[in-house]
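Structural features, examined
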Amino acid sequence: MTKTEACDIYFDAVLETDRKQAKDVVLQARREGISPEEIVMEIIIPSIDRMIEAFIDKRVILSQHFIASSISEELVEELLPDFSGDSGPAETVIIGCAAGDFHGLGKKIVSGCLKAHLFNVIDLGLNVTPERFVDEALSHNSCVIGVSSMMAHTAIGDDGAAGVRRILAGNGLEDRIKIIVGGAPYKFDAELYKKVGADDYALNGMEAVRKIRQLLGEAIRP
Ligand code: B12
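Structure report, in brief. Computed from a predicted structure; not experimentally measured. (Residues numbered from 1 in each chain as written. Predicted model: local features only at pLDDT ≥ 70, side-chain atom pairs only at ≥ 80, totals over all residues. Heavy atoms only, no water.)

**Section: the overall build of the protein chain**
Rule in force here: Numbering of helices and strands runs from the N terminus; a helix is a DSSP stretch of H or I covering at least four residues, while a strand is a stretch of E covering at least two. For each residue, the accessible area found with a 1.4 Å probe, counting protein chains only, is set against the maximum for its type, and the residue is called buried under 20%, exposed over 50%, and partly exposed in between. Residues count as neighbours in contact if any of their non-hydrogen atoms are within 4.5 Å of one another. All accessibility values rest on the Shrake-Rupley procedure with a 1.4 Å probe; residue burial counts only the protein chains present in the view. As used throughout, the charge tally considers Lys and Arg to be positive and Asp and Glu to be negative, leaving His and the chain termini uncounted. Every charge is mapped onto a representative atom, which is NZ of Lys, CZ of Arg, CG of Asp or CD of Glu.
Looking only at helices and strands, the protein chain features 11 helices and five strands. Overall size of the protein chain, expressed as C-alpha extent along the three principal axes, is 55 × 40 × 25 Å. Buried residues in the protein chain amount to 50% of all 222 residues. In the protein chain, 72% of the contacts between residues at least 6 apart in sequence involve partners at least 24 apart. Element-wise, carbon and sulfur atoms account for 54% of the exposed surface of the protein chain, whose accessible area totals about 10600 Å². The positive charge centre, built from 24 side chains, and the negative charge centre, built from 35, are 2 Å apart in the protein chain.

**Describing the coordination of the cobalt atom of the ligand**
Just so we agree on the cut-off: Listed donors are limited to N, O and S atoms within 2.8 Å of the metal, widened to 3.2 Å for Na, K and Ca; water is not among them, so incomplete-looking sites are possible.
Within the protein, a single donor atom binds the cobalt atom of the ligand, namely His103 (NE2) at 2.3 Å. Among the secondary structure elements, His103 is positioned in the loop between strand E1 (92-97) and helix H5 (105-116).

**Examining the environment of Leu15**
Relative to the helices and strands, Leu15 resides in helix H1 (residues 3-15). Separated by 32 residues in the primary sequence, Leu15 and Ser47 have C-alpha atoms spaced 9.3 Å apart.

Right, dumping it as structure tokens:
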């Protein structure tokens, strides 16, 4: 089975909300030597992208979407521990979805990539307030906060990265704690991260690893 064939079978399975078939194709891919990273990046994520097109064309409905992404989330969760890591620094990164945002899959993938590269990741989950992001960064002595926003208003609004920036600025923490953002709105506007007060953005988990390493190099520890 090629990765393209696996992607087709996986897509059909999630489209039919057939959890067993989706899991079977992942297991078969693993048996055939496709790595967990390739399964996530080249089979599961492209299938979600195809799902998006189907949703836009009105070939699938929201509940199908929801089940498809829940199945994908579950399978990604199972694959993440087997990602191969390299020897990155044992730094702590705080990550979560902006307040009002319940799209967790992308964040989970980023979190998994960071863990695979030996970062200590504190995943605050969905719907996280700016205050909580900063409190957790301070209590874990973390120099990077990652804010995931999948919707325009959670990216641009005051309760997202802009709110985190406001608190950092108000407390003299801007040199110490850096902000990285990600999610659909940043894919469409490469300058958006600056407008919301972030230090950088990343389009996927692997890029997040590289950019977070850069930000850690720029942060000034107390
Ligand atoms: C699946 C999905 C859902 C699922 C979410 C399930 C889940 N567990 O996550 C469900 C069905 C629940 C859902 C609900 C809703 N959704 Co929705 N959803 C999507 C969809 C189709 C795909 C998102 C996804 O999972 N992508 C796959 C992942 C792997 O990609 P990703 O998230 O982009 O993540 C990658 C990068 O962005 C980056 N990244 C992500 N986060 C971070 C964080 C950091 C720090 C870094 C560095 C990088 C990074 O790395 C990731 C890995 O590669 C998008 C469409 C789209 N174009 O994205 C709409 C979309 C985001 N949803 C949308 C909407 C409107 C909604 C609802 C309001 C619908 C409704 N009427 O109820 C609700 C809102 C719920 C809420 N309050 O959050 C809109 C937002 C429109 C806008 N302009 O604001 C979109 C764009 C669809 C559309 N075209 O209209 N949704």
